[in-house]
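Remarks on the overall topology
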Amino acid sequence: MKNILVTGAAGFIGSAFARYMVNTYPHYNIIVFDKLTYAGNLNNLTPIDDEPNYRFVRGDIADRDAVRRTLAEYQIDTVVNFAAESHVDRSILQPDAFIHTDVVGVYIMLDESKKHGVGRFLQVSTDEVYGDVESGYSVETDTFLPNSPYAASKAGGELMVRAYHVTHGMDTVITRGSNTFGPYQYPEKLLPLFITEALDDKPLPLYGDGLQVRDWLYVEDHVTGVDAVLHRGESGEAYNVAGENELHNIDVVKQMLALVGKPESLIKHVPDREGHDRRYAMNCDKLRAIGWERRYNFPDALAETVRWYHDNEWWWREIKTGDYLDYFKQQYAARLSADAD
Ligand code: NAD
Ligand code: DAU
């Protein structure tokens, strides 16, 4: 392993992974390949701009020629695919881009990687492929029951990874992460949206009763989970990367408000997300067995996250303009003026 292509690394988790890899493994070359969609942001990579083992290439993972050229030019031997459309609400409003990137893009990456002779191919996936988990914990061999267009597109991409392993003998591994939070997360997801809105004393649109359960994982722990699987995962296997930290949405929001120093009266129950999964929860013994352990606890990581958004208004105020405001209006205007279901 020497020249690693990290796709989608101008986004939230991918950029944390790129920053971590560049600093942790100075003998690897980290080549970031990203389309720079609305969610991609070169500011996320500024901390490593001057590092000699980092390069950025703008490109679409579904563009076969661009992928082929990049694999050849940088003599890529390893691929870590973070690139995706990642927001459930957007997949409900407009799923086309999800099929393009999360299904077709994964296929193009696999196919060109096979032709180029890439060694290891790591696909970053999600706990959402398991669907709603009423009780117990998902294990890696569970059936896929995705419920949103986002989750279905991620499941489709994953199944293609499996097919390239079984059919063509490619060295593939998969990670399935739980709800990730931390600095540099695009302010459309629950925590960065609510923290930045709360800082401006705006109402916080909590879907339905707010009793949905998510398993919260700090981004730095997600990144080390991906690293563990990249280096020590068994070929053809998938690994859950869990926070083992289940919380009701409303409790996450209340903890966040206490840290921001704003009143709970900002919470506004709004009509629910369509097809909203009640609970995700995974067992991650398999990842632990290859030597991974979490380093962050939720209260400290949440406090650090709140501090980061408080101190880095320059980062999120620039995002919350233009097209972002159109999306916000489309997603929330009617909800915020309606009574909850
Ligand atoms: P993000 O939306 O913040 O970033 C996605 C990145 O992919 C952006 O930089 C975007 O420009 C890029 N991208 C999108 N389409 C592309 C294309 N066609 N070609 C090249 N680049 C493209 O996403 P994130 O939250 O950092 O998630 C990263 C990965 O982790 C995704 O695969 C997601 O499914 C998975 N995941 C996310 C979470 C979470 O809680 N955020 C949890 C588990 C798994
Ligand atoms: O579980 C892993 C997944 O976590 C990742 O695969 C996805 O990429 C990531 O977006 C995330 O999906 P969720 O749908 O769980 O995350 P989101 O931040 O959108 O929502 C978290 C919970 O908060 C969910 O139950 C919906 C609720 N929510 C969200 C928003 C944006 C609200 O109540 N109001 C909101 O405005």
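Residues numbered from 1 in each chain as written. Chains lettered and ligands numbered in written order. Predicted model: local features only at pLDDT ≥ 70, side-chain atom pairs only at ≥ 80, totals over all residues. Heavy atoms only, no water.

1. Re the domain arrangement of the protein chain
Note the following rule: Domain delimitation in this document rests on an assignment produced automatically or drawn from a domain database. Only heavy atoms matter for contacts: two residues are in contact if any of them lie within 4.5 Å across the pair. By definition, the buried area sums, over both parts, the 1.4 Å-probe accessible area that each loses when the two are put together. The term salt bridge refers to a side-chain nitrogen of Lys or Arg lying within 4 Å of a carboxyl oxygen of Asp or Glu. Under this definition, polar contacts are N or O atom pairs within 3.5 Å; protein pairs additionally need one hydrogen-donor-capable and one acceptor-capable atom, and for neighbouring residues in sequence, both atoms have to be side-chain atoms. The helix and strand labels rest on DSSP assignments: H or I over at least four residues marks a helix, E over at least two residues marks a strand, and numbering proceeds from the N terminus.
Taken domain by domain, the protein chain consists of domain 1 (3-180 + 216-241) and domain 2 (185-214 + 247-277 + 297-329). Put simply, the middle of domain 1 and the middle of domain 2, counted by C-alpha atoms, are 25 Å apart. Each partner contributes to the interface: domain 1 provides 20 residues, whereas domain 2 provides 24 residues. Summed over both partners, the interface of domain 1 with domain 2 buries about 2000 Å², with 53% contributed by carbon and sulfur atoms. The largest share of the area that domain 1 buries against domain 2 comes from His 87, Trp 216 and Tyr 218, three residues that together contribute 32% of it. Joining domain 1 to domain 2, the criterion identifies two salt bridges. Linking domain 1 with domain 2 are ten residue pairs in polar contact (both at pLDDT 80 or more), by the criterion used here. Looking at the side of domain 1 that touches domain 2, the elements with two or more residues in it are α3 (88-93), β7 (179-181) and β9 (213-218).

2. Comments concerning the sheet that holds strand β2 (residues 29-34)
In sheet architecture, strand pairing relies on hydrogen bonds along the backbone and comes in two forms, parallel and antiparallel. Worth spelling out the cut-off: Strand pairing is assigned whenever DSSP detects at least two bridges linking the two strands. Geometry is summarised by axes, namely lines fitted to C-alpha atoms with helices restricted to the contacting stretch, and by angles between N-to-C directions that run from 0 to 180 degrees.
Spatial strand order, β3-β2-β1-β4-β5-β6-β10: seven strands in an open sheet with parallel pairing. Each of the sheet's edge strands pairs with one partner strand only, and the pair in question is β3 (54-58) and β10 (238-241). Geometrically, the sheet is characterised by an average inter-axis angle of 20° between neighbouring strands, direction not taken into account. Where strand β1 (residues 3-7) meets strand β4 (residues 78-81), four bridges bridge the pair, whose relative direction is parallel. Across the sheet, the residue bridging to Leu 5 is Val 79, located in β4. Across the sheet, helix α1 (residues 12-24) touches β1, β2, β3 and β4, and the angle it forms with β2 is around 165°. Where helix α2 (residues 64-73) meets the sheet, it contacts β1, β2, β3 and β4, and its direction lies at approximately 170° from that of β2.

3. Remarks on the site of ligand 2
Heads up, the rule is: Proximity is defined per residue: if any heavy atom of the residue lies within 4 Å of a molecule or strand, that residue is considered near it. In this description, accessible areas are obtained by the Shrake-Rupley approach with a 1.4 Å probe, and a residue is regarded as covered only by the protein chains that are shown. Under the scheme applied here, ten amino acids are nonpolar (Ala, Val, Leu, Ile, Met, Phe, Trp, Tyr, Cys and Pro), four are charged (Asp, Glu, Lys and Arg), and all others, including Gly, are polar.
The full set close to ligand 2 counts 26 residues, and Thr 126, Asp 127, Tyr 150, Arg 273 and Tyr 332 are the nearest of them. For ligand 2, an oxygen atom lies 2.7 Å from a polar atom in the backbone of Ser 86. In the model, an oxygen atom of ligand 2 is placed 2.5 Å from a nitrogen or oxygen of the Asp 127 side chain. For ligand 2, whose unbound accessible area comes to 680 Å², protein coverage reaches 95%. Broken down by secondary-structure element, the contributors of at least two residues to the shell around ligand 2 are α3, α6 (190-199) and β8 (204-207). Each residue belonging to the shell around ligand 2 can be placed in one class, and the counts come to ten nonpolar, nine polar and seven charged. Residue contributions to the shell around ligand 2 reach at least three from each of two domains, namely domain 1 (3-180 + 216-241) and domain 2 (185-214 + 247-277 + 297-329).

4. Digging into the nonpolar core
Note the threshold: In this text, buried Ala, Val, Leu, Ile, Met, Phe, Trp, Tyr and Cys residues form a nonpolar core when linked through side-chain atoms within 4.5 Å. Relative accessibility under 20% of the residue-type maximum defines a buried residue, over 50% an exposed one, and the middle range a partly exposed one, all with a 1.4 Å probe and only protein chains included.
Membership of the largest hydrophobic core comes to 44 residues, with the highest contact counts inside it found for Phe 17, Met 21, Ile 30, Val 80, Phe 82, Leu 122 and Leu 287. With eight residues, the top contributor of residues to this core is α1. Excluding anything up to four places from it in sequence, Met 21 contacts Ile 4, Tyr 28, Ile 30, Asp 227, Leu 230 and His 231. Residues Ile 195, Ile 250, Val 260 and Tyr 309 belong to the second largest nonpolar core, which totals 36 residues.

5. A short note on the packing of aromatic side chains
Definition in use: We call Phe, Tyr and Trp rings a pair once their centres come within 6.5 Å, taking the six-membered ring for Trp, and we label the pair stacked below 30 degrees between planes, edge-to-face above 60, and tilted otherwise. Here, over-ring charges are defined by two tests on the NZ atom of lysine or the CZ atom of arginine: distance to the ring centre within 6 Å, and angle to the ring normal within 35 degrees.
In total, this model carries 19 aromatic pairs according to the counting rule given. With centroids separated by 6.3 Å and ring planes inclined at 80°, the aromatic side chains of Phe 98 and Tyr 150 adopt a geometry described as edge-to-face. A residue pair is termed long-range when its members are at least 10 positions apart, and Phe 98 in helix α4 (residues 96-116) and Tyr 150 in helix α5 (residues 149-168) qualify at 52 residues. Judged by its relative accessible area of 2%, Phe 98 is buried. For Tyr 150, a relative accessible area of 9% corresponds to the buried category. Among the aromatic side chains, those forming a connected cluster through ring pairs are Tyr 38, Tyr 186, Tyr 207, Tyr 324, Phe 328 and Tyr 332. Above the ring of Tyr 38, the side-chain terminus of Arg 90 is found at 3.7 Å from the ring centroid. Directly above the ring of Tyr 137 sits Arg 279, whose terminal nitrogen or CZ lies 5.2 Å from the centroid.

6. Some details on the side chain of Asp 221
Under the convention used in this document: Positive: Lys, Arg. Negative: Asp, Glu. His and the chain ends are not part of the count.
Mapped onto the elements of the fold, Asp 221 is located in helix α7 (residues 219-232). Notably, Asp 221 is buried but unbridged: the nearest opposite-charge side chain belongs to Arg 295, and the N-O separation is 4.7 Å.

7. A few points about α6
In terms of residue burial, α6 counts as a mostly covered element, since nine of its ten residues are buried. Buried within α6 are the following residues: Leu 191, Pro 192, Leu 193, Phe 194, Ile 195, Thr 196, Glu 197, Ala 198 and Leu 199. The first or second residue beyond α6 is Asp 201, which carries a positive phi of 60°.

8. Thoughts on the pairing of strand β6 (residues 171-177)
Heads up, the condition is: When the strands point away from the viewer, a crossover counts as right-handed if the route from the first strand across the helix to the second turns clockwise.
Judged by how many residues are buried, β6 sits mostly within the fold: six of seven residues are covered. Of the strand pairs in this sheet, strand β5 (residues 120-126) and β6 are connected by seven bridges, and their pairing is parallel. Note on β6: the bridge partner recorded for Phe 121 is Thr 172. Note on the crossover from β5 through α5 to β6: the handedness is right-handed.

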